Amino acid sequence: DTAVSQTPKYLVTQMGNDKSIKCEQNLGHDTMYWYKQDSKKFLKIMFSYNNKELIINETVPNRFSPKSPDKAHLNLHINSLELGDSAVYFCASSQGEIGTEAFFGQGTRLTVV
Amino acid sequence: GESVGLHLPTLSVQEGDNSIINCAYSNSASDYFIWYKQESGKGPQFIIDIRSNMDKRQGQRVTVLLNKTVKHLSLQIAATQPGDSAVYFCAENILFGNEKLTFGTGTRLTIIP
(Lines give C-alpha, C1' and ligand atoms only; values in the text may rest on other atoms or scores of the structure.)
Protein backbone atom coordinates (compact mmCIF):
# COMPACT_ATOMS: atom_id res chain seq x y z
CA ASP A 1 0.00 0.00 0.00
CA THR A 2 1.29 3.44 -0.94
CA ALA A 3 1.81 5.59 2.14
CA VAL A 4 1.80 9.02 0.49
CA SER A 5 0.29 9.13 -2.97
CA GLN A 6 0.13 12.04 -5.38
CA THR A 7 -1.77 12.44 -8.60
CA PRO A 8 -0.95 13.03 -11.32
CA LYS A 9 2.66 11.87 -11.62
CA TYR A 10 3.21 14.02 -14.71
CA LEU A 11 1.44 17.22 -15.68
CA VAL A 12 2.11 19.22 -18.84
CA THR A 13 0.11 22.40 -19.30
CA GLN A 14 0.18 25.77 -20.97
CA MET A 15 1.00 29.07 -19.37
CA GLY A 16 -1.97 30.76 -17.81
CA ASN A 17 -3.85 27.56 -17.04
CA ASP A 18 -5.06 26.49 -13.59
CA LYS A 19 -4.16 23.03 -12.33
CA SER A 20 -4.42 20.94 -9.18
CA ILE A 21 -2.27 18.24 -7.66
CA LYS A 22 -3.83 15.87 -5.18
CA CYS A 23 -2.16 14.21 -2.22
CA GLU A 24 -3.38 11.57 0.18
CA GLN A 25 -1.61 9.81 3.03
CA ASN A 26 -2.81 6.63 4.74
CA LEU A 27 -0.34 6.77 7.61
CA GLY A 28 -2.63 8.54 10.03
CA HIS A 29 -0.19 11.45 10.28
CA ASP A 30 -1.27 14.84 11.56
CA THR A 31 1.07 17.00 9.48
CA MET A 32 1.33 17.29 5.72
CA TYR A 33 3.65 19.33 3.53
CA TRP A 34 4.24 20.50 -0.01
CA TYR A 35 7.81 20.82 -1.25
CA LYS A 36 9.12 22.11 -4.56
CA GLN A 37 12.24 20.62 -6.17
CA ASP A 38 13.87 22.67 -8.91
CA SER A 39 16.02 21.52 -11.82
CA LYS A 40 19.12 21.66 -9.60
CA LYS A 41 17.49 19.19 -7.22
CA PHE A 42 17.07 21.84 -4.53
CA LEU A 43 14.17 21.01 -2.20
CA LYS A 44 12.28 23.85 -0.57
CA ILE A 45 9.23 23.74 1.62
CA MET A 46 6.15 25.57 0.40
CA PHE A 47 3.45 24.81 2.94
CA SER A 48 2.78 22.70 5.97
CA TYR A 49 -0.54 21.82 7.54
CA ASN A 50 -1.20 20.33 10.92
CA ASN A 51 -4.64 18.84 11.50
CA LYS A 52 -5.99 20.80 8.54
CA GLU A 53 -4.59 24.09 9.79
CA LEU A 54 -1.94 26.06 7.90
CA ILE A 55 1.31 26.17 9.87
CA ILE A 56 3.83 27.38 7.31
CA ASN A 57 3.42 29.42 4.16
CA GLU A 58 6.95 29.90 2.92
CA THR A 59 6.56 33.10 0.89
CA VAL A 60 4.87 31.25 -1.90
CA PRO A 61 2.99 33.39 -4.46
CA ASN A 62 -0.70 33.49 -3.73
CA ARG A 63 -1.32 31.78 -7.08
CA PHE A 64 -0.57 28.65 -5.06
CA SER A 65 -3.40 27.66 -2.74
CA PRO A 66 -3.26 24.53 -0.63
CA LYS A 67 -6.45 22.95 0.60
CA SER A 68 -6.80 20.34 3.30
CA PRO A 69 -10.32 18.89 3.39
CA ASP A 70 -9.24 16.46 6.12
CA LYS A 71 -5.95 15.54 7.73
CA ALA A 72 -5.33 12.73 5.25
CA HIS A 73 -5.47 15.02 2.23
CA LEU A 74 -3.54 18.10 1.16
CA ASN A 75 -4.20 19.31 -2.36
CA LEU A 76 -2.33 22.03 -4.19
CA HIS A 77 -4.09 24.31 -6.62
CA ILE A 78 -2.08 26.59 -8.86
CA ASN A 79 -3.64 29.49 -10.76
CA SER A 80 -2.27 31.27 -13.82
CA LEU A 81 0.65 28.93 -14.29
CA GLU A 82 3.99 30.45 -15.28
CA LEU A 83 7.06 28.93 -16.90
CA GLY A 84 8.97 29.25 -13.62
CA ASP A 85 6.47 26.97 -11.92
CA SER A 86 7.95 24.02 -13.81
CA ALA A 87 9.42 21.72 -11.16
CA VAL A 88 8.76 18.52 -9.28
CA TYR A 89 6.30 18.97 -6.43
CA PHE A 90 6.43 16.59 -3.50
CA CYS A 91 3.82 15.98 -0.90
CA ALA A 92 4.95 14.61 2.46
CA SER A 93 3.54 13.77 5.86
CA SER A 94 4.90 13.33 9.35
CA GLN A 95 3.79 12.51 12.85
CA GLY A 96 4.99 13.88 16.15
CA GLU A 97 6.98 17.10 16.22
CA ILE A 98 6.47 19.18 13.10
CA GLY A 99 9.50 19.11 10.82
CA THR A 100 10.83 15.71 11.79
CA GLU A 101 10.94 12.49 9.78
CA ALA A 102 8.67 13.05 6.82
CA PHE A 103 7.44 10.46 4.35
CA PHE A 104 7.43 11.72 0.78
CA GLY A 105 5.23 10.89 -2.15
CA GLN A 106 6.68 9.99 -5.54
CA GLY A 107 6.38 13.54 -6.83
CA THR A 108 4.47 15.33 -9.57
CA ARG A 109 6.57 16.64 -12.44
CA LEU A 110 4.91 19.83 -13.63
CA THR A 111 5.98 21.23 -16.98
CA VAL A 112 4.58 24.57 -18.07
CA VAL A 113 4.94 25.32 -21.79
CA GLY B 1 20.04 29.61 0.38
CA GLU B 2 19.08 28.22 -2.98
CA SER B 3 21.42 26.15 -5.10
CA VAL B 4 20.69 28.05 -8.29
CA GLY B 5 23.84 28.13 -10.38
CA LEU B 6 25.54 25.38 -8.38
CA HIS B 7 26.27 21.93 -9.75
CA LEU B 8 25.25 19.01 -7.63
CA PRO B 9 28.38 17.70 -5.84
CA THR B 10 29.22 14.16 -6.88
CA LEU B 11 30.98 11.30 -5.20
CA SER B 12 32.02 8.09 -6.95
CA VAL B 13 32.86 5.07 -4.83
CA GLN B 14 33.88 1.52 -5.69
CA GLU B 15 31.33 -1.12 -4.78
CA GLY B 16 32.16 -2.60 -1.41
CA ASP B 17 34.03 0.46 -0.19
CA ASN B 18 32.74 2.82 2.47
CA SER B 19 31.23 6.17 1.48
CA ILE B 20 31.28 9.39 3.45
CA ILE B 21 28.95 12.17 2.43
CA ASN B 22 29.45 15.53 4.09
CA CYS B 23 27.08 18.36 4.81
CA ALA B 24 27.66 21.81 6.26
CA TYR B 25 24.51 23.13 7.86
CA SER B 26 23.67 26.77 8.16
CA ASN B 27 21.95 27.47 11.46
CA SER B 28 23.80 27.03 14.73
CA ALA B 29 20.42 26.90 16.51
CA SER B 30 19.34 23.78 14.60
CA ASP B 31 18.79 20.84 16.92
CA TYR B 32 17.48 18.17 14.60
CA PHE B 33 19.12 16.72 11.50
CA ILE B 34 18.06 14.14 9.00
CA TRP B 35 19.49 12.35 5.97
CA TYR B 36 17.39 11.47 2.97
CA LYS B 37 18.13 9.34 -0.09
CA GLN B 38 16.49 10.18 -3.40
CA GLU B 39 16.64 7.72 -6.27
CA SER B 40 15.92 8.81 -9.80
CA GLY B 41 12.23 9.46 -10.37
CA LYS B 42 11.30 8.90 -6.74
CA GLY B 43 10.62 10.95 -3.67
CA PRO B 44 13.16 11.39 -0.87
CA GLN B 45 13.37 8.43 1.46
CA PHE B 46 14.29 8.71 5.14
CA ILE B 47 17.63 7.15 6.08
CA ILE B 48 18.49 8.29 9.59
CA ASP B 49 18.08 11.24 11.90
CA ILE B 50 19.95 12.66 14.87
CA ARG B 51 19.23 15.23 17.54
CA SER B 52 21.73 17.76 18.78
CA ASN B 53 22.18 16.02 22.13
CA MET B 54 23.99 13.23 20.27
CA ASP B 55 27.24 13.14 18.31
CA LYS B 56 26.73 9.83 16.58
CA ARG B 57 23.94 7.53 15.65
CA GLN B 58 24.06 4.22 13.86
CA GLY B 59 21.58 2.44 11.68
CA GLN B 60 21.80 -0.49 9.36
CA ARG B 61 25.03 0.08 7.36
CA VAL B 62 24.77 3.82 8.00
CA THR B 63 26.24 6.11 10.63
CA VAL B 64 25.55 9.80 11.07
CA LEU B 65 28.09 12.01 12.80
CA LEU B 66 27.29 15.46 14.10
CA ASN B 67 29.89 18.10 14.92
CA LYS B 68 28.05 21.10 16.31
CA THR B 69 31.22 23.09 16.82
CA VAL B 70 31.83 23.39 13.10
CA LYS B 71 28.22 22.84 12.03
CA HIS B 72 29.06 19.69 10.12
CA LEU B 73 27.10 16.53 9.50
CA SER B 74 28.28 13.39 7.76
CA LEU B 75 26.70 10.20 6.57
CA GLN B 76 28.83 7.09 6.40
CA ILE B 77 27.61 4.17 4.34
CA ALA B 78 29.43 0.90 4.92
CA ALA B 79 30.13 -1.62 2.17
CA THR B 80 28.35 0.34 -0.55
CA GLN B 81 26.14 -1.50 -2.98
CA PRO B 82 24.83 -0.51 -6.44
CA GLY B 83 21.47 0.24 -4.85
CA ASP B 84 23.10 3.01 -2.83
CA SER B 85 23.49 5.12 -5.98
CA ALA B 86 21.25 8.14 -5.44
CA VAL B 87 21.23 11.78 -4.41
CA TYR B 88 21.65 12.24 -0.67
CA PHE B 89 20.30 15.25 1.19
CA CYS B 90 20.89 16.48 4.66
CA ALA B 91 18.23 18.62 6.29
CA GLU B 92 18.10 20.64 9.50
CA ASN B 93 15.38 21.97 11.76
CA ILE B 94 14.80 23.78 15.02
CA LEU B 95 12.24 21.67 16.82
CA PHE B 96 9.39 23.68 18.34
CA GLY B 97 10.85 26.79 16.80
CA ASN B 98 11.15 26.54 13.06
CA GLU B 99 8.92 23.57 12.40
CA LYS B 100 10.27 22.99 8.93
CA LEU B 101 13.05 20.95 7.42
CA THR B 102 15.59 23.05 5.51
CA PHE B 103 17.35 20.92 2.95
CA GLY B 104 20.95 21.14 1.82
CA THR B 105 22.11 21.07 -1.78
CA GLY B 106 22.41 17.31 -2.08
CA THR B 107 25.26 15.02 -3.13
CA ARG B 108 25.05 12.52 -5.97
CA LEU B 109 26.61 9.20 -4.99
CA THR B 110 27.57 6.85 -7.80
CA ILE B 111 28.68 3.31 -7.03
CA ILE B 112 31.19 1.88 -9.48
CA PRO B 113 30.76 -1.89 -10.00
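All values reported here derive from a predicted model rather than from experimental measurement.

A. Layout of the state of the cysteines. This model, assessed by the stated rule, comprises two disulfides over all chains. A sulfur-sulfur distance of 1.9 Å marks the disulfide that ties Cys23 of chain A to Cys91 of chain A. One disulfide, between Cys23 of chain A and Cys91 of chain A, carries an S-S torsion of -75° and so falls in the left-handed class. In this pair, Cys23 of chain A sits in strand E3 (residues 19–25) while Cys91 of chain A sits in strand E9 (residues 87–94), placing the two residues 68 residues apart along the sequence. Cys91 of chain A carries the same exposure label as Cys23 of chain A, and that label is buried. Disulfide partner of Cys23 of chain B: Cys90 of chain B, at an S-S distance of 1.6 Å. With Cys23 of chain B in strand E2 (residues 19–24) and Cys90 of chain B in strand E8 (residues 86–93), this pair connects stretches of sequence that are 67 residues apart. According to the relative accessible area criterion, Cys23 of chain B is buried, its value standing at 7%.

B. Here's a closer look at the side chain of Gln6 of chain A. Residues and elements named next belong to chain A. Mapped onto the elements, Gln6 comes out in strand E1 (residues 4–7). Given the relative accessible area of 2%, Gln6 is considered buried. In terms of polar contacts, Gln6 uses its side chain to reach the backbone carbonyl oxygen of Tyr89, at 2.8 Å. Within the structure, the side chain of Gln6 is placed 3.1 Å from the side chain of Thr108, a separation counted as a polar contact.

C. Local environment of the environment of Gln14 of chain A. With respect to the element layout, Gln14 of chain A can be found in the loop between strand E2 (10–13) and E3. Judged by its relative accessible area of 54%, Gln14 of chain A is exposed.

D. Structural context of the pairing of E2 of chain B. All names here are of chain B. Residues Ser19, Ile21 and Cys23 point to one face of E2 and are all buried, whereas Ile20, Asn22 and Ala24, pointing to the other face, are not buried. By the bridge criterion, six bridges tie E2 to strand E7 (residues 72–77) in an arrangement that is antiparallel. Across the sheet, Ile21 pairs through a bridge with Leu75, a residue of E7.

E. Region of interest: the sheet that holds E2 of chain B. Residues and elements named next belong to chain B. Taken in spatial order, the four strands make up an open sheet running E2-E7-E6-E5, and their pairing is antiparallel. Each edge of the sheet is formed by a strand with only one pairing partner; in this case those strands are E2 and strand E5 (56–58). Sheet twist, expressed as the mean angle between neighbouring strand axes with direction ignored, is 15°. Note: E5 against strand E6 (residues 62–67), three bridges, orientation antiparallel. Bridge pairing in E6 links Gln58 to Thr63.

F. How the structure looks around the sheet that holds strand E8 (residues 73–78) of chain A. All names here are of chain A. Taken together, the four strands give an open sheet; going across it, the order is E1-E3-E8-E7, and neighbouring strands pair in antiparallel fashion. Both outer strands of the open sheet, E1 and strand E7 (64–70), are each paired with one neighbouring strand and no more. Taking each pair of neighbouring strands and ignoring which way they run, the sheet shows an average axis angle of 20°. Pairing of E7 with E8, which is carried by five bridges, proceeds in the antiparallel orientation. By the bridge assignment, Phe64 is partnered in E8 with Ile78.

G. Quick look at the nonpolar core. Formed by 21 residues in total, the largest nonpolar core has its most connected members in Tyr33, Tyr35 and Phe104 of chain A together with Tyr36, Leu101 and Phe103 of chain B. If you list the elements that add at least two residues to this core, you get strand E4 (31–37), strand E5 (43–50), E9 and strand E10 (102–104) of chain A together with strand E3 (32–38) and E8 of chain B. Counting 20 residues, the second largest nonpolar core, distinct from the first, contains Trp34, Leu76, Leu110 and Val112 of chain A.

The rules we used
Residues numbered from 1 in each chain as written. Chains lettered and ligands numbered in written order. Predicted model: local features only at pLDDT ≥ 70, side-chain atom pairs only at ≥ 80, totals over all residues. Heavy atoms only, no water. Disulfide = S-S within 2.5 Å. Helix = DSSP H or I, 4+ residues; strand = E, 2+ residues; numbered from the N terminus. Buried < 20%, exposed > 50% of the residue type's maximum accessible area, 1.4 Å probe, protein only. Polar contact = N/O pair within 3.5 Å; in protein donor to acceptor, adjacent residues only side chain to side chain. Pairing = 2+ DSSP bridges. Axes fitted to C-alpha atoms, helices over the stretch in contact; angles between N-to-C directions. Core = buried A, V, L, I, M, F, W, Y, C linked by side-chain atoms within 4.5 Å.

Limitation: the analysis is restricted to geometry and does not speak to function.
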